[in-house]
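Coordinate analysis (summary)
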Amino acid sequence: PEYRRLVGLQQRMNEFRLLVTAEPDRVSTLVASLDALAIRVQGRTLTWAGPWPTWYDAPHPSPRAYVAEHPVLQHFITDADSLWTRPEPGALRSIPWQTDPDSGYFEALALRTRDAAWLLVFYPVAGELERIVQVGRVHALDRDLPGS
């Protein structure tokens, strides 16, 4: 079980690296395909980006209102700020968190791509791994095909 968990984490990080290094015009498409709550970060401004994920049924008026409801996310964006303000691409994952003991786990990912900064929120975390791996594989195949 521990080996599978570690292999899964490594695969997930590889797929996130694909997002970080993707061409700017493909990042939005990849983000939209992840079923994640996507937030663009521009300085201190947070804006909704992409389609609403299937699990998100109560849209907040602003990303700041959403972040304010999740203390773990509030602390995470403080750490992510150093990633977002540097020029080189990178990624930072949050710890998984729950909103109550009976809910699934959330997880956040801060991304700095070539031309933008992103905050992605995933839920439920366990169900997203397969989707992220598949999106990464499709992206890798697209990159390797002639004429892509």
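Only a predicted model underlies this, so the values are computations on that prediction, with no experimental measurement involved.

Criteria and cut-off values
- Residue numbering note: each chain is counted from 1, following its sequence as written.
- A pLDDT threshold of at least 70 governs which residues receive local features in this predicted model, and a stricter bar of 80 or more applies before side-chain atom pairs are shown or counted, although totals over entire chains, interfaces and linings include all residues.
- Side-chain metrics in this entry use all non-hydrogen atoms of the structure; hydrogen atoms and water are not considered.
- The helix count covers DSSP runs of H or I at least four residues long, the strand count covers runs of E at least two residues long, and both are numbered beginning at the N terminus.
- Exposure classes here rest on a 1.4 Å probe applied to the protein chains alone. A residue is buried below 20% of its type maximum, exposed above 50%, and partly exposed in between.
- What makes two residues a contact is simply this: any of their non-hydrogen atoms within 4.5 Å.
- Using a 1.4 Å probe, accessible areas were evaluated by the Shrake-Rupley method; residue-level cover was limited to the displayed protein chains.
- Salt bridge, as used here: a side-chain nitrogen of Lys or Arg that lies within 4 Å of a carboxyl oxygen of Asp or Glu.

Our next topic: the overall build of the protein. Scanning the protein from terminus to terminus reveals five helices and five strands. Helices and strands appear in the protein in the N-to-C order α-α-β-β-α-α-β-β-β-α. Relative to its full complement of 148 residues, the protein shows a buried share of 41%. Of the contacts formed within the protein by residues at least 6 apart in sequence, a portion of 51% connects residues at least 24 apart. Surface exposure of the protein reaches about 8,300 Å², of which carbon and sulfur atoms provide 56%.

The next thing to look at is the environment of V67. Within the fold, V67 resides in helix α3 (residues 63-68). Residues V67 and I77 lie ten residues apart in sequence; the distance between their C-alpha atoms is 8.8 Å. Every residue in contact with V67, bar those within four places of it in the chain, is listed here: L46, L73, Q74, I77 and L119.

Let's shift gears to the environment of A80. Checked against the element boundaries, A80 lands in helix α4 (residues 71-84). Note: C-alpha distance between A80 and S94 (14 residues apart in sequence) is 9.2 Å. For A80, the residues in contact, after removing those within four places along its chain, are L92 and A110.

Summed over the entire model, instances satisfying the criterion amount to three salt bridges. The partner of R44 in a salt bridge is D81, and the shortest N-O contact between them spans 3.2 Å. Within this pair, whereas R44 is found in the loop between β1 (37-42) and β2 (45-49), its partner D81 is found in helix α4, the two being separated by 37 residues in sequence. Its relative accessible area of 63% is what places R44 among the exposed residues.

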